[in-house]
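# Summary of structural features
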Amino acid sequence: MSNRYPWLTIDPAGPFNLGPRTFPGRVWTASGCFGYGLLGDDISAPGRADPFAGIGTVVTKTITAAPRTGNPPPRVWATEFGALNSIGLENMGVERFCDEVVPRLVERGIPFVASIAGTRPEEFGTLTRRLVVAAAAAPCWHGVELNLSCPNVARGGVDFGRDPLTVRACVEAARGETGDRVVLAKLTPNVASIAELARAAGEGGAHGLTAVNTLVGMDIDLRTGRPVLPRRRGGYSGGAILPVALAKVDEIVQETGLPVVGVGGVRTADDAAKFFAVGASAVQVGTAQMDDPFAAADVARALAAQ
Amino acid sequence: MTPSFTTASRLLGRVVANEALSSSMIRLDLDLEAPTGFLPGQFCMVNLEGGSRMPLSRPLSILRTEGSRLSLLYKVVGHGTRLLSEAPVGAAVRVLSPLGRSFPERDDDRPRLLLAGGVGLPPLWSWFERYGRKGDLACFGGRDRDDVPWGLIPPGWRVSLDSAEGGAGPAGMFVGNVVALAESLLPDDAPAHHVLACGPVPLLRAAAVMAAQRGWNCEVSVEERMGCGYGVCRGCVVPRPAAAGWWTACQDGPILAAADVDWERFGLPAAEALAAYSDGPSCSAPAPEASA
């Protein structure tokens, strides 16, 4: 076991079980931060294989039933401590994803979980059913992550995922279609009680929770006095939110005991270890993966070396 | 023949120089852990390592490379570039380089018109160093004399200033924008030039208009707020004409044909963007029905 983290009760570098699946590793990339998992394999670094080495799972960019063109730019804004984004769920839609992306992920054997978003609970079932048709034969497809909390969409987004009954209905719809694949519900931190949402997801049959999505944030351009993002507020992420994410994961674990995939500000093995310390089963690397294509691979590598 | 190193590497390194070349422009020289290269117009993402690390790397344009030495030019525009400007010699850095599509190399005998504004100089400077020849017209535009990195401007380049007031440098400079300078030097019956432009949005737009009026080809280097630099975040989108969706500045660009950019919408301030796109590459969700 680990020398640096002797208190760890899990092997941070080994495979682990979550719901019906065995995942190859505990360091994942977060949805929206590594595209569809098809870019970056041509990027090199001295002493490194490629950006995918050691990554336990790529959570692919959220897809919806129909393609979406997303929000007008500027869409990203770096502040002193964290990053703001307002991409607006731009994506190619589930049909193209299944026809063009899934076969390539399968061909390369990249472990992936598909992030999906719907505008009605039933849609999570429809999307999952379509993925099952495309990927059920592929051992590297591990399941779906329900994006219930993207704060950037004009309707459907945050309010959708803030209501426990809706969260439960979305999870039930996906669980009804998944068979032996994992259903994770990704929760918003922008609520008074994230444990209440987690409990609702658990009642709906979720195998685990992904916590947390971005915090609602904004910044002002002091030259104009106006918000830097066209939609005024966006999702705040990066190292600054790690303590918030950690507290939310702790709250879920303490109050529900459900498996949690921790996400928020993870840049190093030490950051990941903190999430494992509060009981997370795995971690996702988000903003840091945008900053450096080798970020998640480096975290996995460093954990394995401890 | 030196290797071109035109696909990206993540490289660690140290600052070896970080010096102002003019009132706004700073040259950053980095010594990296491995040799690197680039094509003119490509860029890199730069971050500091350690305590001064920024949440996201910043895109900077590449001036030149030599072995493991990478030279960049930037100006302070926000928090990240301010932090960078304070990095001392020896500071640890991480770069992802080179990235994006380059300006096309010279593939015919048409003269080139190079239009560079401010910190948009590096791509055209390096293009000229590699492919420039007699008959090309290269113009650089600065705010005033102090804004011009005189030591970097190659012999034969023409310079325009927004203001001729004050500062050190040659007298009798053209006052006006860099496209007006080029127009003043190229009569209506000038032979067809191929235009390459890099600089602020108004410069790019004016270059596109000039090229379109004269029926000339034009490539521009586009900029948009960038998240990752390697295509995964979909942050730096640039509108295509006829509401046909987006390019990304980092992957499809930064060099795009001027005819491939929707100039009505490109580069709008945040406050005007929503209204401008209300009928365009839509930002609205498929109408959600009531949720349970």
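Keep in mind the model is a prediction, meaning the values are calculated, not measured.

In terms of regular secondary structure, chain B is built from five helices and 15 strands. Here chain B has a C-alpha radius of gyration of 20 Å; the compact-globule value for 292 residues is 19 Å, and the two agree. Principal-axis analysis of the C-alpha atoms places the extent of chain B at approximately 70 × 50 × 45 Å. The burial tally for chain B puts 54% of its 292 residues in the buried class. Considering only intrachain contacts with a sequence separation of at least 6, the fraction spanning at least 24 residues in chain B is 63%. As displayed, chain B offers around 12000 Å² of accessible surface, 51% of which is attributable to carbon and sulfur atoms. Of the side-chain charges in chain B, 26 are positive and 31 negative, and the distance between the mean point of each set is 4 Å.

All names here are of chain B. Strand β8 (residues 137-142) sits mainly inside the fold: six of its six residues count as buried. Residue alternation in β8 divides its side chains into two sets, Leu137, Cys139 and Gly141 and Ala138, Phe140 and Gly142, and both sets are buried. Summarising the sheet, strand β7 (residues 112-117) and β8 pair through five bridges and their orientation is parallel. When the sheet's bridge partners are listed, Ala116 is paired in β8 with Phe140. The handedness of the β7 to β8 crossover, carried by helix α2 (residues 121-131), is right-handed. In terms of strand pairing, β8 meets strand β9 (residues 158-161) through four bridges, oriented parallel. Bridge pairing in β9 places Phe140 opposite Val159.

With that settled, the discussion passes to the confidence of the model for chain B. All names here are of chain B. Chain-level pLDDT for chain B is 91 on average; 93% of the residues reach the 70-or-more range. Counting contacts from residues 281-292, a segment whose pLDDT is below 50, to residues more than four positions away or on other chains yields 31 contacts. Overall fold confidence (pTM) sits at 0.94, and the ipTM for the predicted complex is 0.94.

The next thing to look at is the packing of aromatic side chains. On inspection of all chains with the given rule, the structure shows 11 aromatic pairs over all chains. Aromatic pair Trp246 of chain B and Tyr277 of chain B: ring centres 5.4 Å apart, planes at 50°, arrangement tilted. Of this pair, Trp246 of chain B sits in strand β14 (residues 246-248) while Tyr277 of chain B sits in the segment after α5 (270-276); the two residues are 31 residues apart in sequence, bridging distant segments of the chain. For the pair shown, Trp246 of chain B and Tyr277 of chain B are each scored as buried. An aromatic cluster of three or more residues is present, and its members are Phe16, Phe23 and Trp28 of chain A. Seen from the ring of Phe38 of chain B, Arg130 of chain B lies directly overhead, with NZ or CZ sitting 4.9 Å from the centre.

As a further point, take the packing of helix α1 (residues 93-108) of chain A against helix α2 (residues 121-135) of chain A. Residue and element names in this part refer to chain A. At their nearest, the axes of α1 and α2 sit 10 Å apart, and the two run at 20° to each other. By the angle between their axes, α1 is roughly parallel relative to α2. Seen from above, α1 lies across α2 with right-handed handedness. Note on element contacts: α2 touches α1 through Leu127, Arg130, Leu131, Ala134 and Ala135, opposite Val94, Glu95, Phe97, Cys98, Asp99 and Val102. Classifying every residue of the contact of α1 with α2 gives eight nonpolar, no polar and three charged.

Once that is clear, we can look at the domain arrangement of chain B. All names here are of chain B. If you check the domain split of chain B, you get domain 1 (9-99) and domain 2 (112-270). Computed from C-alpha coordinates alone, the two centres of domain 1 and domain 2 are separated by 22 Å. Taken together, the contacts link 25 residues of domain 1 with 28 residues of domain 2. Summed over both sides, the interface of domain 1 with domain 2 buries roughly 2000 Å², with 65% coming from carbon and sulfur. Looking only at domain 1, the three residues that lose the most surface to domain 2 are Met25, Pro40 and Leu63, adding up to 25% of its buried area. The interface formed by domain 1 and domain 2 contains one salt bridge. Of the charged contacts, one joins Glu129 and Arg64 as a salt bridge, the two residues approaching to 3.8 Å between their closest N and O atoms. Among the secondary structure elements, those contributing two or more residues to the side of domain 1 that touches domain 2 are β3 (43-48), β4 (58-66), β5 (69-74) and β6 (92-99).

A common measure of how large an interface is: the accessible area buried when the components associate. Contacts between chain B and chain A engage 48 residues on the former and 54 residues on the latter. Roughly 4300 Å² is buried in total at the junction of chain B and chain A, and carbon and sulfur atoms are behind 60% of that figure. Sorting the residues of chain B by area buried against chain A places Arg10, Pro55 and Tyr230 of chain B first, and these three jointly supply 17% of that buried surface. At the surface where chain B touches chain A, the tally comes to six salt bridges. The salt bridge partner of Arg94 of chain B is Asp292 of chain A, with a shortest N-O separation of 3.7 Å. For the interface between chain B and chain A, the tally reads 13 residue pairs in polar contact (both at pLDDT 80 or more). Elements that contribute at least two residues to the side of chain B that touches chain A include exactly β1 (9-20), β6 and α5 of chain B. With four residues, the top contributor of residues to the side of chain B that touches chain A is α5 of chain B. Grouping the constituent residues of the side of chain B that touches chain A by class yields 27 nonpolar, 12 polar and nine charged.

The next point concerns the side chain of Thr214 of chain A. Of note, Thr214 of chain A is situated in the loop between β10 (208-211) and β11 (215-217). Assessed through its relative accessible area of 12%, Thr214 of chain A is described here as buried.

Let us now look at helix α5 (residues 194-203) of chain A. Taken together, the buried positions of α5 of chain A are occupied by Ile194, Ala195, Leu197, Ala198, Ala200 and Ala201 of chain A. Directly beyond the C-terminal end of α5 of chain A, a positive phi value near 105° is found at Gly205 of chain A.

A word on the sheet that holds β11 of chain A. All names here are of chain A. Pairing within the open sheet is antiparallel, and its four strands lie in the order β5-β6-β14-β11. Looking at the sheet topology across the chains shown, the edges are occupied by β5 (76-78) and β11. Here the strands of the sheet are splayed against their neighbours by 35° on average, with no regard to which way each runs. In this sheet, strand β14 (residues 234-237) lies alongside β11 in antiparallel orientation, the contact comprising three bridges.

As a further point, take the pattern of salt bridges. One pass over the full model with this rule turns up 33 salt bridges over all chains. Among the ionic pairs, Arg214 of chain B bridges to Glu183 of chain B, the shortest N-O distance being 2.7 Å. With Arg214 of chain B in helix α4 (residues 201-214) and Glu183 of chain B in helix α3 (residues 178-185), the pair connects residues that are 31 residues apart, well separated along the chain. Among the charged side chains, a network of salt bridges with common partners joins Arg48, Asp291, Asp292 and Asp298 of chain A together with Arg10, Glu49, Arg53 and Arg94 of chain B.

Rules used in this analysis
- Residues numbered from 1 in each chain as written.
- Chains lettered and ligands numbered in written order.
- Predicted model: local features only at pLDDT ≥ 70, side-chain atom pairs only at ≥ 80, totals over all residues.
- Heavy atoms only, no water.
- Helix = DSSP H or I, 4+ residues; strand = E, 2+ residues; numbered from the N terminus.
- Rg over C-alpha atoms; globule rule 2.2 N^0.38 Å.
- Buried < 20%, exposed > 50% of the residue type's maximum accessible area, 1.4 Å probe, protein only.
- Contact = heavy atoms within 4.5 Å.
- Areas by Shrake-Rupley, 256 points an atom, 1.4 Å probe, with all protein chains shown as cover.
- Lys, Arg positive; Asp, Glu negative; His and termini not counted.
- Charge placed at Lys NZ, Arg CZ, Asp CG, Glu CD.
- Pairing = 2+ DSSP bridges.
- Right-handed = clockwise from strand over helix to strand, strands pointing away.
- pLDDT = per-residue confidence, 0-100.
- Phe/Tyr/Trp six-rings, centres within 6.5 Å; stacked < 30°, edge-to-face > 60°.
- Lys NZ or Arg CZ within 6 Å of the ring centre and 35° of its normal.
- Axes fitted to C-alpha atoms, helices over the stretch in contact; angles between N-to-C directions.
- Parallel < 35°, antiparallel > 145°, perpendicular 65-115°, else oblique.
- Left-handed = near helix turned anticlockwise from the far one by under 90°.
- Nonpolar A, V, L, I, M, F, W, Y, C, P; charged D, E, K, R; others polar.
- Domains from an automatic or database assignment.
- Buried area = accessible area lost by both parts, 1.4 Å probe.
- Salt bridge = Lys/Arg side-chain N within 4 Å of Asp/Glu carboxyl O.
- Polar contact = N/O pair within 3.5 Å; in protein donor to acceptor, adjacent residues only side chain to side chain.

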